[in-house]
Amino acid sequence: MFHEPELNNPAYNDCYFSYDDGLAESLYVFVDGNNMIERFALNTTLTVGETGFGTGLNLIALVRSLRDAGIRDRKIRFITVEKYPLSVERIKELTLRFSDSIEPEMGIFLSQWKSTFASIVEGWNRFSFTVDLISVDCELYYGDVVPFLQSIPTTIDAWFLDGHSPDKNPDMWNETVLGLIGANSAEGTTIATFSAAGIVKEGLRKGGFFIKRRKGFGGKRHMSQGWYGVEE
Ligand SMILES: C[S@@+](CC[C@H](N)C(=O)[O-])C[C@H]1O[C@@H](n2cnc3c(N)ncnc32)[C@H](O)[C@@H]1O
């Protein structure tokens, strides 16, 4: 694995996604980790919650995976947060290495994101786009994860927890945050994250989730996935 500091988030000195293959990581950890394809095959609309929007790659990967699976006429309600929103130019720079694999999704998203970013306000911002009969309604909270989690308007079906590594960003993984994630969940809500740190698993268990380990992406030993409720 090579290291490219210019591709890091300077606020945390940490990467947005795997330098090796960010798209494959997103598909493995978040899309597959939450069984999104199987669930969208059975549901016309699902609500995804994310901590850490960054470049939007997880959303793009989800849209792409549904299209690749031949799934159409679906709505993704995507509820997410970002403390340091990125410009169109920065998103393009960060995703350049695999840009061919994320078109036309990324281009369609960025044409909406350009105007959203230009007039972004603290708190809730909304934008929508459609790719091949997969429609996305995105509600993005510009600000910190705690007020975001305190003002989510609905119950989340699947969580993508992606807020940098716990050692570099402990504020994203404390018991308050993980408890609020539980408070915005219900029977059937699933969760996936690249991290298998003890503090993450324990906090999620206290928040009401059954958590198990799974092989991590690439060179990572483990990731975590689970669901709201007790062991089945
Ligand atoms: C690993 S990156 C997410 C990558 C992203 N999912 C993508 O595909 O590009 C984590 C993101 O969480 C954001 N973040 C970190 N701490 C935060 C906080 N306390 N509140 C809101 N956003 C935060 C960072 O700015 C960063 O964009």
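Remember, it's a predicted structure, so these values are computed and weren't measured experimentally.

Conventions and cut-offs
Residues numbered from 1 in each chain as written. Predicted model: local features only at pLDDT ≥ 70, side-chain atom pairs only at ≥ 80, totals over all residues. Helix = DSSP H or I, 4+ residues; strand = E, 2+ residues; numbered from the N terminus. Rg over C-alpha atoms; globule rule 2.2 N^0.38 Å. Buried ≥ 20, exposed ≤ 12 C-beta atoms within 10 Å, placed from the backbone. Contact = placed C-beta atoms within 7 Å. Near = placed C-beta within 6 Å. Nonpolar A, V, L, I, M, F, W, Y, C, P; charged D, E, K, R; others polar. Pairing = 2+ DSSP bridges. Axes fitted to C-alpha atoms, helices over the stretch in contact; angles between N-to-C directions.

> Is there a simple way to explain the overall build of the chain in this structure?
For the chain, the helix and strand inventory stands at 8 helices and 10 strands. For the chain, whose C-alpha radius of gyration is 16 Å, the value lies close to the compact-globule estimate of 17 Å for 232 residues. With respect to the three principal axes, the spread of C-alpha positions in the chain is 40 × 40 × 35 Å. For the chain, the residues scored as buried account for 40% of the 232 residues in total. Relative to all contacts within the chain whose residues are 6 or more apart in sequence, the contacts with residues 24 or more apart total 71%.

> So what exactly am I meant to see when it comes to the site of the ligand here?
The environment of the ligand is made up of 21 residues, and the closest members are Gly52, Gly54, Thr55, Leu57 and Lys83. Of all the elements in the fold, those that place two or more residues in the shell around the ligand are helix 3 (57–68) and strand 4 (74–82). Each residue belonging to the shell around the ligand can be placed in one class, and the counts come to 8 nonpolar, 8 polar and 5 charged.

> What am I meant to see in the sheet that holds strand 8 (residues 190–193) here?
Within a beta sheet, neighbouring strands are joined by backbone hydrogen bonds and run either parallel or antiparallel to one another. Spatial strand order, 5-6-4-3-7-8-10-9: 8 strands in an open sheet with mixed pairing. Each edge of the open sheet carries a strand with a single partner, namely strand 5 (123–131) and strand 9 (209–215). On average, each strand axis in the sheet is inclined to that of its neighbour by 20°, with strand direction left out of account. Where strand 5 meets strand 6 (residues 134–142), 9 bridges bridge the pair, whose relative direction is antiparallel. Paired with Asn125 across the bridge in strand 6 is Leu140. Seen against the sheet, helix 3 touches strand 3 (45–51), strand 4, strand 5, strand 6 and strand 7 (158–161) and runs at an angle of roughly 170° to strand 6.

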